[in-house]
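Each chain, letter by letter, is given below.
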Amino acid sequence: MEKQQEEILLKVRSSRSIIAAGFHLYVNKFIAMLKAQWVHLLDTTAVYAAVIMLTVYGLYFFVPLAAVAVLLEMVLWLMTARWLTQRPVRQLLQAACRHWFRLVLVVVAGIVLLLPLCLLAALPAIVLALAEWNSQDCILMGDAPSMPSYVLYLSAVTWGFAAFIGLCLRLLIVYIAYFSWGSAEARQRERAQQLSTLSSSIPYKA
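Residues numbered from 1 in each chain as written. Predicted model: local features only at pLDDT ≥ 70, side-chain atom pairs only at ≥ 80, totals over all residues. Heavy atoms only, no water.

A. Spotlight on the overall build of the protein chain. Tallying secondary structure elements over the protein chain gives 9 helices and 0 strands in all. Walking the protein chain from its N terminus toward its C terminus, one meets helices and strands in the order α-α-α-α-α-α-α-α-α. Counting the 206 residues in the protein chain, one finds 35% classified as buried. When contacts within the protein chain are restricted to residue pairs at least 6 apart in sequence, those whose partners lie at least 24 apart make up 81%. Total accessible area on the protein chain stands at roughly 13,200 Å², and carbon and sulfur atoms take up 70% of it. (Helix = DSSP H or I, 4+ residues; strand = E, 2+ residues; numbered from the N terminus. Buried < 20%, exposed > 50% of the residue type's maximum accessible area, 1.4 Å probe, protein only. Contact = heavy atoms within 4.5 Å. Areas by Shrake-Rupley, 256 points an atom, 1.4 Å probe, with all protein chains shown as cover.)

B. A look at the nonpolar core. Formed by 36 residues in total, the largest nonpolar core has its most connected members in Y26, L171, Y175 and F179. Elements with a contribution of two residues or more to this core: α2 (15-28), α3 (30-57), α4 (63-85), α5 (89-97), α6 (100-121), α8 (151-170) and α9 (172-201). When residues in this core are grouped by element, the largest group, 10 residues, is from α9. If we ignore the near neighbours within four places in the chain, the residues touching Y26 are M33, C168, L169, L171, L172 and Y175. Of all hydrophobic cores here, the second largest spans 8 residues; its members include M53, Y57, A122 and W159. (Core = buried A, V, L, I, M, F, W, Y, C linked by side-chain atoms within 4.5 Å.)

C. View of the environment of I165. Residue position: I165 is located in helix α8. Along the primary structure I165 and A121 are separated by 44 residues, whereas in three dimensions their C-alpha atoms are 6.8 Å apart.

Structure below.
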């Protein structure tokens, strides 16, 4: 099984084929991934929701907590990659270093391309936050409060769901990076094999 998985992974693919293979595996393993990574998903979601709530209702951006949220998401990606590849973290990082530039490009492009979907998932929470801001402005002008008292809790739950969905969407990047690494590794091995064959075919002259 492991040999068959390696054969599927180590295959030269085009960019479109890499994305298609990554998306297909992501869909097939989504439920299993949630069961394996639920602890990391929940703690990262909680911290992201806290950062957003502080920003929206505290009207300031808490930098240390935001840094913790980003760090937790990086840990989530790493644990998901370890679960996906069935390799220890040290071996996983050593393999990633061989094609680090390619993987960085995949991550940056993935975050940019998935940003509209993440914003779409957060749209109900954004609308709720705008309504709360408008209500606060009206209170400052002397009007009666127009939002119910439980809006703070409703916002927390809504932003929690939005953060969770955003995390799940961005985990697709791990799967695409997985096949992108496999394609780069297969191309590198083919090149090394061609050079070895070429070297052995050149007659040695004393």
